[in-house]
Amino acid sequence: MPDLTVPPTPPVYLSALLAREDLGLRQIAGPSDPDTAIHWAHVSEMPDPYPYLLGGELLLTAGVHIPEAAGSGTYFADYVSRIVEAGGVALGFGVAPVHDTVPRALVAACDDYDLPLLEVPPPTPFTRVARAVWQLMAQARLAELRRITEAQQSLAAAASRPDPVPSVLRQLAQRVSGHAVLYGPDGTEIATAGRGASGVETREAREAREALAGLARVVRPPAAAAPSPTSPSSSTSASPTSPTSPTSATDTVPGAHLAAYALGTGQGFVLGVAAPDRAPGDHTIASVAAVLLSLLTGEHQSRTGADRSSALVRLLLGAPPEEVASLLGGERWLVVHAAPDAGTTTAPDPVAASALGAALGSALIDQTPEVVRVLLPADREPAPQPGWTLGVSAAVTPEDWPAADTQAARALARARATRTPLVRHGSSGRAGLAELLPHDEAEAHARTLLAPLAAHPALVETLRTWLSLHGSWDRTAVALAVHRNTVRQRIARCAALLETDLDDPDVRMELWFALGRV
């Protein structure tokens, strides 16, 4: 099955499921491979489950679909072959109430097609098996997140040491149980850590080191080095504007999984990683190391670059934003959320994101698959940018950066809905009646009025957007990325909880006033 069908969660291994004594599962056919990975559990009584499978399933059935004469024909062979063809990894057969035993022809078919067959005893409902899969998956995910978090903290601490580059490489090699190398623009090994760093290596290790050096040539920018010979077989991710210069590449050689990352300085530095296994979180951990090494190997002759990297490291180490803001230059800040115009079909790439940041006057850029976020001093007034839709927050101090991020997101949603190139938070520009009331009294009134919605953030956000767009169902649906019927249901729920008529202009005006105070 294509990789797109595999969910972004750690798999559950069949051996772990069989080890659950509360389930009482027993494997009675198929290969006994402890590394068989299950990505989800699915119940189906269809005679042909192929159209309903995505791949990676433990398919559970009680055999309701089995005809009486199935054992004398090819029914079971056809049934099992379709499961295997769809990418199913195991079959669980529930004993009772339909069948007293697992049909022998089904056992034989699973052996023939190398499909693990589990006997599910009568006391075990399928829902318990499915719940066990989700529990094991959640445990694996939690363990992976904990491992990544601990690695990020140790890498950030290493970057603040007196010998930051070797320290980061040592931490990276330790976290992936492998070998890490920093290559210079000419391909030489500037620093190395982990397995094989002592100078004593086997033939297999030497071949892996040579392959890793070759992989580094694949991702090194052409301007930083001469054209390299034919690269090894690898999977790469590259900016569409520079197909000859991928940002990362992977390869596999006997005994090692290899990865190379071009550092973001553009000077030709490359991080190479070799590990005996490729654990789910290794790429994330290596990417964090690559970001830190990009800062450490960049041009720090300018005070701005050194201060920016110092601010980033301090933030990673837990310093509050107000303590590092002075290093970035500015007392008040704007957050800008930018998305490609509606007619653009491709997601923003790093080059486009950098160009946008340069146009707005800031190098503090965060690129996500959906939007580009830019943090810039408040004295740099953002202007509409060709090809982009912008949402801009109010000017805030560093301790209010999270609130400004929310403001910018709301402004961008409104800009998209109204097809406006740039929308500022609170852009009416008029003082209004709100300025005539004491601030504390206004906030108290707003909290009291909106109290019935306090436990429903989605309703509050929907009401805010709907009112800001003058009650337009379609534009509200676009701004919130939901169906228009969902908007109607939420607004009706708001009216019921507030016990008011939202068609009344006075009610709308009062609610809009209250929403502006919370």
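Residues numbered from 1 in each chain as written. Predicted model: local features only at pLDDT ≥ 70, side-chain atom pairs only at ≥ 80, totals over all residues. Heavy atoms only, no water.

1. Brief notes about the overall build of the protein chain
The line we're drawing: Strands here are runs of E lasting at least two residues and helices are runs of H or I lasting at least four, both read from the DSSP assignment and numbered beginning at the N terminus. Burial classes: relative accessible area under 20% of the type maximum marks a residue as buried, over 50% as exposed, and values in between as partly exposed (1.4 Å probe, protein chains only). Contacts were defined at the residue level, with two residues in contact if any of their heavy atoms lie within 4.5 Å. To measure how exposed things are, a 1.4 Å probe is used in the Shrake-Rupley method; for residues, cover is taken only from the protein chains shown.
Counting its regular elements, the protein chain contains 16 helices and 18 strands. Looking at the protein chain as a whole, 41% of its 518 residues are labelled buried. Of all intrachain contacts in the protein chain linking residues separated by at least 6 positions in sequence, the fraction that spans at least 24 positions is 63%. In the structure as shown, the protein chain presents an accessible area of about 26700 Å², 55% of it carried by carbon and sulfur atoms.

2. Let's talk about the pattern of salt bridges
Put simply, the test is: Salt bridges, as used here, are contacts in which a Lys or Arg side-chain nitrogen is within 4 Å of a carboxyl oxygen on Asp or Glu.
In total, this model carries 13 salt bridges according to the counting rule given. Ionic pairing is found between Glu85 and Arg82, a salt bridge with its closest N-O pair at 3.5 Å. Of the two residues, Glu85 and Arg82 are both situated in helix H2 (residues 75-86); the distance of three residues between them amounts to about one turn of the helix. Look at Glu85 and you get partly exposed, because its relative accessible area is 49%. Between Asp282 and Arg147 there is a salt bridge; the shortest N-O distance is 2.4 Å. Here Asp282, found in helix H7 (residues 282-297), pairs with Arg147, found in helix H4 (residues 126-159); they are 135 residues apart in sequence, far enough to count as distant. For Asp282, a relative accessible area of 10% translates into the label buried. Residue Arg147 is classed as partly exposed on the basis of its relative accessible area of 27%. One salt-bridge network, held together by shared partners, links Asp48, Arg82 and Glu85.

3. Regarding the nonpolar core
Heads up, the rule is: Think of a nonpolar core as a cluster: buried Ala, Val, Leu, Ile, Met, Phe, Trp, Tyr and Cys residues, connected wherever their side-chain atoms sit within 4.5 Å.
If you look at the biggest cluster of nonpolar residues, it comprises 29 residues, and the most contacted ones within it are Leu155, Leu169, Leu172 and Leu271. Elements that contribute at least two residues to this core include exactly H4, helix H5 (164-176), strand E8 (179-183), strand E9 (189-194), strand E12 (256-262), strand E13 (270-275) and H7. The element best represented in this core is H7, accounting for seven residues. Those residues within four positions of Leu172 in sequence are excluded, and the remaining contacts are Leu155, Ala180, Leu271, Val273, Ile285, Ala286 and Ala289. Core analysis: the second largest hydrophobic core is formed by 21 residues, Ala29, Ile83, Phe93 and Val95 among them.

4. Some thoughts on the sheet that holds strand E6 (residues 90-94)
Under the convention used in this document: Note: two strands are recorded as paired if DSSP finds a minimum of 2 bridges between them. To get an axis, a line is fitted to the C-alpha atoms, and for a helix only the part in contact is used. The angle between two axes follows their N-to-C directions and goes from 0 to 180 degrees.
Read from one edge of the open sheet, five strands run E2-E7-E6-E5-E4, paired in mixed fashion. Strand pairing shows two members of the sheet lacking a second neighbour, strand E2 (26-29) and strand E4 (40-43), which therefore form its edges. The average angle at which neighbouring strand axes cross in this sheet is 30°, direction not considered. Of the pairings in the sheet, the one linking E4 to strand E5 (residues 57-61) comprises four bridges and is parallel in character.

5. Looking at the packing of aromatic side chains
Short version of the rule: In this scheme Phe, Tyr and Trp rings, the latter by its six-membered ring, pair at centre separations within 6.5 Å, and the angle between planes marks the pair as stacked below 30 degrees, edge-to-face above 60, and tilted otherwise. Only lysine NZ and arginine CZ atoms are considered, and such an atom sits over a ring when it is within 6 Å of the ring centre and within 35 degrees of the ring normal.
Evaluated as defined, the whole model comprises four aromatic pairs. Between Tyr75 and Phe76, the ring centres sit 5.6 Å apart and the planes meet at 85°, which makes this aromatic pair edge-to-face. When its relative accessible area of 5% is taken as the criterion, Phe76 is described as buried. With a centroid separation of 6.3 Å and an interplanar angle of 5°, the aromatic rings of Tyr75 and Tyr79 are classed as stacked. Of this pair, Tyr75 and Tyr79 are both found in helix H2, four residues apart, which corresponds to roughly one turn of the helix. Judged on exposure class, the residue Tyr75 and its partner Tyr79 are both buried. Three or more aromatic residues joined by ring pairs make a cluster, and in this case those are Tyr75, Phe76 and Tyr79. Above the face of the Tyr50 ring, Arg82 is positioned so that its terminal group lies 4.2 Å from the ring centre.

6. Thoughts on the environment of Thr124
Spelled out, the test is: Any pair of nitrogen or oxygen atoms within 3.5 Å is treated as a polar contact; in protein, a donor-acceptor pairing is required on top of that, and neighbouring residues in sequence qualify only through side-chain atoms on both sides.
With respect to the helices and strands, the residue Thr124 is situated in the loop between strand E7 (117-120) and H4. What makes Thr124 buried here is its relative accessible area of 6%. Sequence separation of Thr124 and Val95 is 29 residues, and the distance between their C-alpha atoms is 9.4 Å. Sequence-distant contacts of Thr124, defined by excluding residues within four places in its chain, comprise Asp22, Leu23 and Val129. A distance of 2.7 Å separates a polar atom in the side chain of Thr124 from the backbone oxygen of Leu23.

7. Looking at the confidence of the model for the protein chain
Here is the rule: For every residue, the predictor reports its confidence as pLDDT, a number between 0 and 100.
Confidence in the prediction for the protein chain averages 81 pLDDT; 85% of positions are at 70 or higher. Ranking the elements of the protein chain by mean pLDDT puts strand E10 (residues 235-238) last, at 42, and E6 first, at 96. The low-confidence segment residues 225-243, where pLDDT is below 50, has 32 contacts with residues more than four positions distant or belonging to other chains. Long-range and interchain partners of residues 299-303, a stretch whose pLDDT sits below 50, account for five contacts in this model, where long-range means more than four residues apart.

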